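# Inside the fold
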Amino acid sequence: MDKLIDFWKNPNETFEIILTQKVNWIRVIGLFSCNGIVVVYYLMKSLGHISIESFELTIFTILFLISFGAFYGIVTNFLIGFLIKVTGKFFKGKCDLLKIYTVLSWSFLPFIYSALLIILNILIARVLTTDLDSSVILILSLMVFVFLLASLFLSIWQVTLLFKGLKLAQNFNTTNTILNLISATIIYGIIYYTINHLPFI
């Protein structure tokens, strides 16, 4: 919580301190996992794979989301970090891979709360399928709406943190930071699209 407050009050100074410290791989993997849970949730939701027809299915959905989301987040973020390093060379960045992974992981700190909100949303959605008093339904629906706004805010904050951290780690100006992120994202998108359209996938 203290680090979250530090990022809110002075993100640049906080990143400067973090970038001088040794990489904590357990923290990196944990934060990458939180990002994966958030991404996989929205992928599953878009495909209609959030199953809440019964309590057992709801628990299974949550467990699958956490396990596969963590795996997805770890794999994709290690790849994205590497792509940021590679594309950063074209813009004459420092391209220190460990610092890039540090910045990338810490920028996902708000997603700890996003992941928790997602799990709460799934549980509330399950409860809403049962017979409830109209006043309870209204309260739970309002909670879901508030959670949605909070998740949106956390996502915007995450992007802001990533931008600020990468700018420091790569010693970039604003333009090169944006170009570095965009180019790495495009290459990752091409890789993701190609893998998903292989004949055996």
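Residues numbered from 1 in each chain as written. Predicted model: local features only at pLDDT ≥ 70, side-chain atom pairs only at ≥ 80, totals over all residues. Heavy atoms only, no water.

### Some points on the overall build of the chain
Our working rule: Only DSSP runs of H or I covering at least 4 residues are called helices, and only runs of E covering at least 2 are called strands; the numbering of each starts at the N terminus. In what follows, a contact means two residues having at least one pair of non-hydrogen atoms within 4.5 Å. Accessible areas in this description were obtained via Shrake-Rupley with a 1.4 Å probe; residue shielding takes into account the shown protein chains only. Under the counting rule used here, the positive set is Lys and Arg, the negative set is Asp and Glu, and His together with the chain ends is not counted. Charge positions come from single atoms, namely NZ of Lys, CZ of Arg, CG of Asp or CD of Glu.
Counting its regular elements, the chain contains eight helices and zero strands. Start at the N end of the chain and walk to the C end: the helices and strands fall as α-α-α-α-α-α-α-α. By principal-axis analysis of the C-alpha atoms, the chain measures approximately 60 × 50 × 30 Å. Of the contacts made within the chain by residues no fewer than 6 positions apart, 76% connect residues no fewer than 24 positions apart. Here the chain has roughly 11,600 Å² of accessible surface; of this, 72% comes from carbon and sulfur atoms. Of the side-chain charges in the chain, 13 are positive and 9 negative, and the distance between the mean point of each set is 18 Å.

### A look at the side chain of Thr-102
Counted only if it meets this: The buried label goes to any residue with under 20% of its type's maximum accessible area, the exposed label to any with over 50%, and the partly exposed label to all in between, with areas taken from a 1.4 Å probe on protein chains only.
Relative to the assigned elements, Thr-102 resides in helix 5 (residues 97-107). A relative accessible area of 8% means that Thr-102 is categorised as buried. Not counting residues up to four positions away in its chain, the partners in contact with Thr-102 are Ile-18, Leu-19 and Val-23.

### Regarding the packing of helix 2 (residues 11-18) against helix 7 (residues 134-170)
Under the convention used in this document: Only the stretch in contact is used when fitting a helix axis, every axis being a line fitted to C-alpha atoms; angles between N-to-C directions are given from 0 to 180 degrees. Any angle that is under 35 degrees is reported as roughly parallel, and any over 145 degrees as roughly antiparallel; angles of 65 to 115 degrees are reported as roughly perpendicular and all others as oblique. Less than a right angle of anticlockwise turn of the near helix away from the far helix marks a crossing as left-handed, whereas a clockwise turn marks it as right-handed. Residue polarity is assigned by list, with Asp, Glu, Lys and Arg as charged and Ala, Val, Leu, Ile, Met, Phe, Trp, Tyr, Cys and Pro as nonpolar; anything else, Gly included, falls into the polar class.
In contact at an axis separation of 10 Å, helix 2 and helix 7 are set at 50 degrees when each is read in the N-to-C sense. With respect to each other, helix 2 and helix 7 are oriented oblique. Considering only the axes of helix 2 and helix 7, their crossing is right-handed. When helix 2 is examined against helix 7, the residues Pro-11, Asn-12, Phe-15 and Glu-16 are found in contact with a partner set consisting of Leu-161, Lys-164, Gly-165 and Leu-168. Taken together, the residues that form the contact of helix 2 with helix 7 break down as four nonpolar, two polar and two charged.

Distances and angles like these do not, on their own, reveal function.
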